[in-house]
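Structural characterization, general
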Amino acid sequence: MRRKTFGGGVHPPHHKKLTEEQAIRDAREPKLVVIPLSQHLGAPGNPLVQKGDQVAVGQKIGDTDAYVAAPVHASVSGKVVAVEPRMHPALGRPELAIVIESDGEGRVHESVQPKPSVDDLDADTIRSLIREAGLAGLGGAAFPTAVKVSPPRSKPIDTFVLNGAECEPFLTADHRLMVEEAPDIVFGMKALMKAIPVSRGFICIEDNKPDAVRAMKEAVRGEPGLEVVALETRYPQGSEKQMIKSVLGREVPPPPGLPLDVGVVVNNVGTAHALATVLKTGMPLVDRVVTVTGPVITAPANLRVKLGTLFSDLIEQCGGYSALPGKLIMGGPMMGVAQHTAEVPVIKGTSGILALAENQAWDGDPTPCIKCARCVDVCPMQLVPVFMSAYAERGQWDMADRYNAADCLECGCCSYICPAKRPLVQTIRLAKHEILAARRQRAQAR
Amino acid sequence: MADHKLVVSSSPHLRTKETTPRLMGAVLLALLPAALASIVLFGPRALAVMAVTLASALVAEGLYMKIVRKPVTIADGSAAITGLLLAFNMPPMVPLWVPVIGSFFAIIVVKQLFGGLGQNFMNPALAARAFLLAAWPMSMTTGWVVPFDGVTSATPLQVLRGMASARLPETWELLVGMRAGALGETSAVALLLGGFYLLWKGVIDWRIPGCFIGTVALVTWAFGGSGGLFTGNVLAHTLTGGLLLGAFFMATDYVTSPVTRRGRVVMGIGCGLITALIRLWGGFPEGVSYSILLMNVATPLIDRATLPRVFGQRRVKAA
């Protein structure tokens, strides 16, 4: 049988050997955590504490009434030493954050109470528990989970997809979680499915992780409606649109189309695991698994990290740098965000911290495009990056729009494959930004 | 932790090792069997023509870049390919000054004046060949010789068209290249070796050569025979002339062929139809180079007409 997959895509080297055999271990208790109020896609939260306040683990310290949002919680117990803008690892600019100095005691807040058995909870209650626990997609995009599992009535959902692809090179956080915590992942998955509600679920894993596939298959044995599917290892298999195409053969319409439009909700395995923790212990989202890796990290590892821990703290725990780093990235090498300092905190969407060597940091200057069309062949959205990028380079946003630049996933396959090392996705991203801004302006003018 | 400079750039942070010079290098390597075959078949004369053409292409490129004060990039291999392909298109006994002029025309007029690498709208080697054919037709259309004995002879396509009378070579002779023809086009085995190497390495896509050769085979089989429909000599038509050289190495030129998959199918079929048309009913015995040049010119139009359907979209949106 043909292996389940999508069209286009690339096969970058995996680089997962560095950490795929490393069991998840707890990171050292941080002395200081920096918790940005905006950690998710959506409206930023407002601080609920002030400088000087004592806080406990699991205490809600930031929230908002906005619908597309998630609260944040203290990950350590101790004193709030500052509520001020701090450098944000995803947005690349200082954003309001709550800085807590840990007292090392790990006192748990009284609001943290185990929840009733899932069988006794209805869909609405599960959704509000998800909202209150601050769950957001742990795959990287950090979209508020409560919103994702609340499809409008007009969009019937027939399938739930749990994303365990982890198609980014270097990252192994989800992989280890599936190997070590499969029963909890299935537990959380069933709760997510009950919240939607939907009865058919697929767990999708790239076939370069046979041990994870085995562990998850073992965990779903005897669970009606749940099935583990091994997908071809091909980047970006973990993009939800591509994953839905691979496993169900359905194509999500272009933006503003969502998986909901084809009856599907996709969540990450890490998110399901976090929900299991919420339901079993009552502890909201205060930690996550982070892969600290890269050729210049002395001892790469998969660490369970308190949110707000600084990158520099974690790199030090992994033996520090073995050589001068040239680039520090939050996330994987294909879609991760380059940092200019290690003094930034782990947030909900931090799946990995990747340090590249100096000679890997810069690919050299671009040479002329020879129209080899490799970018066209690999584009998983079936776009024509060579033309979109040429128009974007000249600032011709309307022409880039006519070639559907706004549909770009920004997966980076085009730039990865380009033999001339041209900034394809980089310029298309710029065009997309301009196109969407112009559309918003037109909508307002109306 | 020492705060030293970290590179901050937009993702992706990982790039393939493939580069333009490496792709060009693969094409040059793929042309090597045909070049060696040519030297074996036509002797030192072939070596001389190839050396002079290739060198003058490199000189033209370097000289132009020096004059306009651009960084000299002859190391990217693209000028070398143009030079070698132009040499492959020469009759063995061509006067040596002819390909030198051709090289300068290809590099300076067809490529550099239109903006250099990636910007030309026609294949430089073929455009130069067309120019030489128009300017010095005698030098370009005579001087066909039989390999090894060096006796002047008609090309098989001239024989097929009834423009000359001679013995048509046996199939094995066509395969190894024991026939009159341009320097690099005669040895089918050497060209196929190089062509399949490029396909295997993923340097070229099967669509253009596959559709090109397939279309020529189909049309010449259907209409090329004297005994009615489907009596044409398919083997003679596919193995002679410049079909294999053109289909694998010239129609596939990235810069002048469509970027869309469907566009490459259109390019291949278009080249095949025009070639067959010229061979069967046109004024010349051979039509490969004109077919490619015509399809080169149509390439931007083909791209626009064959844009892929965007993922999730029902219909193709016209750009």
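Residues numbered from 1 in each chain as written. Chains lettered and ligands numbered in written order. Predicted model: local features only at pLDDT ≥ 70, side-chain atom pairs only at ≥ 80, totals over all residues.

**Looking at the overall build of chain A**
In plain terms, the rule: Strands here mean DSSP runs of E at least two residues long; helices mean DSSP runs of H or I at least four residues long; both are numbered from the N terminus. In this scheme every C-beta is placed from the backbone, and a residue whose C-beta has 20 or more other C-beta atoms within 10 Å is buried, one with 12 or fewer is exposed, and one in between is partly exposed. A pair of residues counts as a contact when their C-beta atoms, built from backbone coordinates, are separated by no more than 7 Å.
In terms of helices and strands, chain A carries twelve helices and 17 strands. Here chain A, with 446 residues, has 58% of them falling under the buried criterion. Nonlocal contacts in chain A, meaning residues at least 24 apart in sequence, comprise 73% of its contacts between residues at least 6 apart.

**A short note on the pairing of strand β12 (residues 264-268) of chain A**
All names here are of chain A. Quick note on the threshold: The pairing criterion for strands is at least two bridges between them, as found by DSSP.
Among the five residues in β12, five count as buried, and that is most of the element. Side chains V264, V266 and N268 of β12 all project onto a buried face; the interleaved residues V265 and N267 project onto the opposite face, where all are buried too. Two elements, strand β9 (residues 159-164) and β12, share five bridges in a ladder whose sense is parallel. Paired with L162 across the strands is N267, a residue of β12.

**A few points about the interface of chain B and chain A**
As a reminder of what qualifies: Ten residues, namely Ala, Val, Leu, Ile, Met, Phe, Trp, Tyr, Cys and Pro, are considered nonpolar, four, namely Asp, Glu, Lys and Arg, are considered charged, and the remaining ones, Gly among them, are considered polar.
Facing the 33 residues of chain B at the interface are 55 residues of chain A. Across the side of chain B that touches chain A, the residue classes tally to 16 nonpolar, 13 polar and four charged.

**As for the sheet that holds strand β17 (residues 352-357) of chain A**
Residues and elements named next belong to chain A. The following threshold applies: For every element, the axis is a line fit to its C-alpha atoms; helices are fit only across the contacting stretch, and the angle between N-to-C directions ranges from 0 to 180 degrees.
Spatial strand order, β1-β14-β13-β17-β15-β16: six strands in an open sheet with mixed pairing. With one partner strand each, in any of the chains shown, β1 (25-26) and β16 (337-339) form the two edges of the open sheet. Where strand β15 (residues 325-330) meets β16, three bridges bridge the pair, whose relative direction is antiparallel. Opposite I329, over in β16, you have A338 as the bridge partner. With respect to the sheet, helix α3 (residues 173-195) is in contact with β13 (287-293), β14 (301-306) and β17, its orientation differing from that of β13 by roughly 125°.

**A word on the sheet that holds strand β7 (residues 78-87) of chain A**
Residues and elements named next belong to chain A. Taken in spatial order, the four strands line up as β2-β8-β7-β4 in an open sheet, and their pairing is antiparallel. Strands with a single pairing partner mark the edges of an open sheet, and in this sheet they are β2 (32-36) and β4 (54-55). Pairing analysis gives five bridges linking β2 to strand β8 (residues 94-102), with the strands arranged antiparallel. Residue pairing across strands places V33 opposite I100, the latter belonging to β8.

**Side note on helix α10 (residues 207-223) of chain B**
The condition that has to hold: To estimate how far a helix should extend, the number of its residues minus one is multiplied by 1.5 Å.
When the terminal C-alpha atoms of α10(B) are compared, their 24 Å separation across 17 residues agrees well with the 24 Å that a helix rising 1.5 Å per residue should span. Residues of α10(B) that are buried: R207(B), I208(B), P209(B), C211(B), F212(B), I213(B), T215(B), V216(B), V219(B) and T220(B).

**What about the packing of helix α9 (residues 188-200) of chain B against helix α12 (residues 243-250) of chain B?**
Residue and element names in this part refer to chain B. We apply this condition: To sort the angles, those under 35 degrees are grouped as roughly parallel, those over 145 as roughly antiparallel, those from 65 to 115 as roughly perpendicular, and the leftovers as oblique. By definition, turning the near helix anticlockwise from the far helix through less than a right angle yields a left-handed crossing, and turning it clockwise yields a right-handed one.
Where α9 contacts α12, the axes come no closer than 10 Å and their chain directions differ by 15°. Our classification of the angle between α9 and α12 gives roughly parallel. Here the hand of the crossing between α9 and α12 comes out left-handed. Residues A188, L191, L192, G194, G195 and L198 of α9 lie in contact with α12, whose contacting residues are L244, L245 and F248.

**Some thoughts on the confidence of the model for chain B**
This is how it is decided: For every residue, the predictor states its confidence as a pLDDT score lying anywhere from 0 to 100.
For chain B, per-residue confidence averages 93 on the pLDDT scale, and residues scoring 70 or more make up 97% of the total. Both confidence scores are given for the complex: pTM 0.94, ipTM 0.93.

**Examining unusual backbone geometry**
Along the chain, Y235(A) connects to P236(A) via a cis peptide bond; the corresponding omega equals -5°. Mapped onto the secondary structure, P236(A) falls in the loop between β11 (226-231) and α5 (240-248). For the bond from S11(B) to P12(B), the omega torsion is 5°, close enough to zero to count as cis. Among the structural elements, P12(B) can be located in the segment before α1 (20-42). One non-glycine residue, H15(A), adopts positive backbone phi at about 55°. The backbone phi angle of N404(A) is positive, close to 65°, even though this residue is not glycine. Following the sequence through the fold, N404(A) ends up in the loop between α10 (397-402) and α11 (413-417). Classification of N404(A) by C-beta neighbours within 10 Å gives buried; the count is 23.

**Points about the packing of α10(B) against helix α13 (residues 261-281) of chain B**
Residues and elements named next belong to chain B. Interhelical geometry of α10 versus α13 gives an angle of 35° and a closest axis separation of 7 Å. Considering the relative orientation of α10 and α13, their crossing is right-handed. Here the contact of α10 with α13 is composed, by residue class, of 14 nonpolar, seven polar and four charged.

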